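Chain by chain, the residues:
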Amino acid sequence: MLHSMLFRMHNMDRRRFVIAGAAAAASLKTFAQQPADSAASRAAQAPAASAAVQPAKIELHPDQPGATVPENFVGVSYETQQLSEPHFFSPENRGLIEQFRALSPAGVLRLGGNTSDYGFWKPTPQSKMPPRKKRPYKMGDPNPNLSYPVTPEAVENLRGFLDAIGWTCLYGINLGTNTAQLAADEAVFVAKTLGLKLEYFQLGNEADRFGSTIRDPQTWNANKYFDEWITFANAIRERVPTARFGLPDTAGNPEWYAVVVDRLLQIPGLQRPDIAALTHHYYFGGPPANPKVTLDAVLHPDPNVDKLYKDVSTAADRLGKSERRSLPYRMTEGNTCYRGGKPGVSDVFGAALWAADYFLKLASYGYAGVNLHGGEGNMVANSLGGTLPGEELMPDRKVPHPRPFYTPIADIGKDYVAEPVSYGMRFAGVFAGAMFLKLDFDPGEINATAYAAKLSDGRTIVAIINKDATRDVSIDQPSWHLDQTLTAPSLTATSNVRFGPAESKANKVPAASAAIFRVG
């Protein structure tokens, strides 16, 4: 059966057995510090539903197909430094394996992040890191002295972990403080060890920001980046002829796509590196202290999503046409709030609805996949200079909480637990392998979105995501049957998140919830 794991009831008991009250209180206190008349504050205090039922205009066009969603569309992103703990991604780490399997039966693990450009390949105990220039510390970036080894043991364990979860991997290699020879040495071992589990290599993370960290800001630009990138890529290709690459993996500078494609098109076809995908990152906003990053704002459309799509898809079309193929594009790192997420925004049920909507929107745009960033708190903190800024907003940092706040899977003590955002990812994962269908949807003034698709077994489904804090969406479609629901007590809930078979047959989507309907 299609995605049988997703059709089970998922109840987010997570860390809440012991600390439910304390964690929820901490989130609500954080929200209480916002202006009393703010939209976010109103959403935080609003009930999950109201008696008002609003009609929605819906028209399905089954004769107008759209993009087909890859089976492994769902992805997560971890810091490459996670590999410095060889037993983290390991077939022995059963708790983490269980959470990955619950997230999706097929997916893509991306290893990158800010720490990606600070590690070094250490094939033997005697191996040393390459020399590095001294530079001052810049707030929000890794300590310039950060250094960690990636060993053969870590890569071998990674292969066992990928086999256990049924996922593949995007593997990040240091471009910022590395040598082409060491990069090639690492790539040889990784390609041999991961085999078909390796999707492609990523050289460097957010190189468009190197000018503010590890390169001369007066001379660094997209052309300089490509000069370095092609040197590393060719060194790897000489040793690994089948190597494939994703680039430029930017923080969002659109001009870099055009420059990269221009430079690639200048290389004769047979000499050109095999580009597996054009990639970029996306965070709604940040840092956590930014008052504009509110739950209400996150739950409303962000025009930057459409702009990034237009830029990357245009560049992919140009390169793809020159090679007579369809070139994929992927969002490889992102989340609600950069620098670790924001309490009361990134760690609550509203983030699950945001994720469901964001994943399905990008899937409908033809993206090959989406990787939300997360992982261990210490690793993400290292990527930011040693701290998680969101913790400064907490009235009491000792209250147990996910570290980082935006992670889909948190480690609490010795347990791995699913955070709210992961349930939105599971919801969107129902569309894996499906073909989108055109759908006209007008919910009036209600903050809601909808997506339709035909599953691989021929059934048609419609997902409606109601991000409104107070108003229900009614569905006047007699032939539609409520199949699955994504619910929680409120938008700001941190516990009792549920995704699974619907418990009622009512043709409506209550406020602060999402639902999947079967058509016919």
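Residues numbered from 1 in each chain as written. Predicted model: local features only at pLDDT ≥ 70, side-chain atom pairs only at ≥ 80, totals over all residues. Heavy atoms only, no water.

Asks: Explain the environment of M435 here, please?
Replies: Following the sequence through the fold, M435 ends up in strand β16 (residues 435-442). Under the relative-accessibility criterion, M435 is labelled partly exposed at 28%. Separated by 370 residues in the primary sequence, M435 and P65 have C-alpha atoms spaced 6.8 Å apart. Aside from chain neighbours lying at most four places away, what touches M435 is P65, G66, A67, T68, A452, A453 and K454. (Helix = DSSP H or I, 4+ residues; strand = E, 2+ residues; numbered from the N terminus. Buried < 20%, exposed > 50% of the residue type's maximum accessible area, 1.4 Å probe, protein only. Contact = heavy atoms within 4.5 Å.)

Asks: Where do I start with the side chain of T193 in this structure?
Replies: Tracing the chain through its elements places T193 in helix α5 (residues 180-194). Apart from the residues within four sequence positions on either side, T193 is in contact with V155, E156 and R159.

Asks: How should I be thinking about helix α7 (residues 255-265) in this particular structure?
Replies: Think of an α-helix as 3.6 residues a turn; residues three or four steps apart then line up on the same face. Every buried residue of α7 is listed here: W256, Y257, V260, V261, R263 and L264. When α7 is viewed along its axis, its buried side chains cluster within an angular range of 160 degrees and face the same direction. Where α7 is buried, its residues touch α6 (222-239), β10 (244-250), β11 (274-285) and α9 (303-322). (Arc of directions from axis to C-beta.)

Asks: Please clarify how the environment of P288 should be interpreted in this entry.
Replies: Here P288 shows up in the loop between β11 and α8 (295-298). Overall, the relative accessible area of 1% leaves P288 in the buried class. With residues near it in sequence (within four places) discarded, P288 still touches C337, Y338, R339, G341, K342, P389, G390 and L393.

Asks: Sorry, what's going on with the pairing of strand β18 (residues 460-466) here?
Replies: If a strand is regular, its side chains alternate between the two faces of the sheet. Of all the seven residues making up β18, seven are buried; the element is thus mostly covered by neighbouring parts of the structure. Neither face of β18 is exposed, since T460, V462, I464 and N466 on one face and I461, A463 and I465 on the opposite face are all buried. By the bridge criterion, seven bridges tie strand β17 (residues 448-454) to β18 in an arrangement that is antiparallel. Bridged to K454 within β18 is T460. Taking the residues that link successive antiparallel strands as the turn, the β17-β18 hairpin has five residues, and the phi of G458 there is positive, at about 95 degrees. In this structure, β18 lies alongside strand β23 (residues 513-519), joined through seven bridges in antiparallel fashion. Paired with I461 across the bridge in β23 is R518. (Pairing = 2+ DSSP bridges.)

Asks: Would you mind going over the sheet that holds strand β12 (residues 329-337) with me for this structure?
Replies: Strand order around the closed barrel formed by eight strands is β4-β5-β8-β9-β10-β11-β12-β13, with parallel pairing between neighbours. Within this sheet the neighbouring strands show an average axis-to-axis angle of 25 degrees, counted without direction. The pairing of strand β4 (residues 74-79) with strand β13 (residues 370-373) spans four bridges and is parallel. Among the inter-strand pairings, G75 is bridged to a residue of β13, identified as N371. The strands touched by α5 are β8 (168-173) and β9 (198-203); relative to β8, the strand with the most contacts, the crossing angle is about 170 degrees. Contacting β4, β11, β12 and β13, helix α10 (residues 349-364) runs over the sheet at an angle of about 150 degrees to β13. (Axes fitted to C-alpha atoms, helices over the stretch in contact; angles between N-to-C directions.)

Asks: So what exactly am I meant to see when it comes to the pattern of salt bridges here?
Replies: Close approach of charged atoms allows side chains of opposite charge to pair. Under the counting rule described, the total for this entry stands at 23 salt bridges. A salt bridge links D440 to K438; its shortest N-O distance comes to 3.3 Å. Its relative accessible area of 32% is what places D440 among the partly exposed residues. You can call K438 partly exposed: its relative accessible area is 35%. Overlapping salt bridges bring together K138, D141, E206 and R209 as one network. (Salt bridge = Lys/Arg side-chain N within 4 Å of Asp/Glu carboxyl O.)

Asks: So what exactly am I meant to see when it comes to the packing of helix α3 (residues 94-103) against helix α4 (residues 152-165) here?
Replies: Helix-helix packing: each pair is described by the crossing angle between the helix axes and the interaxial distance. Contact pair α3 / α4: the axes reach a minimum separation of 9 Å and the direction vectors enclose 45 degrees. Classified by the angle between their axes, α3 and α4 sit oblique to one another. Judged by the twist between their axes, the crossing of α3 over α4 is right-handed. Residues L96, I97, F100 and R101 of α3 form the contact with α4, whose own contacting residues are F161, A164 and I165. Taken together, the residues of the contact of α3 with α4 break down into six nonpolar, no polar and one charged. (Parallel < 35°, antiparallel > 145°, perpendicular 65-115°, else oblique. Left-handed = near helix turned anticlockwise from the far one by under 90°. Nonpolar A, V, L, I, M, F, W, Y, C, P; charged D, E, K, R; others polar.)

Asks: Help me understand the nonpolar core, please; the structure alone is not making it clear to me.
Replies: What tends to happen in soluble globular proteins is that the nonpolar side chains get buried as a cluster. Residues L109 and Y171 are the most contacted members of the largest nonpolar core, which totals 126 residues. With twelve residues, the top contributor of residues to this core is α10. With residues near it in sequence (within four places) discarded, L109 still touches V76, Y78, F89, F100, L158, F161, L162, W167, T168, C169, L170 and N371. (Core = buried A, V, L, I, M, F, W, Y, C linked by side-chain atoms within 4.5 Å.)

Asks: Would you mind going over the packing of aromatic side chains with me for this structure?
Replies: Aromatic ring pairs are defined here through the distance separating the ring centres and the angle between the ring planes. Tallied over the entire structure, the rule returns 28 aromatic pairs. Chaining the aromatic ring pairs together yields one cluster made of Y78, F88, F89, F100, F161, W167 and Y416. In this arrangement the basic side chain of R215 is found over the ring face of W220, its NZ or CZ atom lying 5.5 Å from the centre. When the ring centre of Y423 is taken as origin, the NZ or CZ atom of R426, which lies over that ring, is 4.5 Å away. (Phe/Tyr/Trp six-rings, centres within 6.5 Å; stacked < 30°, edge-to-face > 60°. Lys NZ or Arg CZ within 6 Å of the ring centre and 35° of its normal.)

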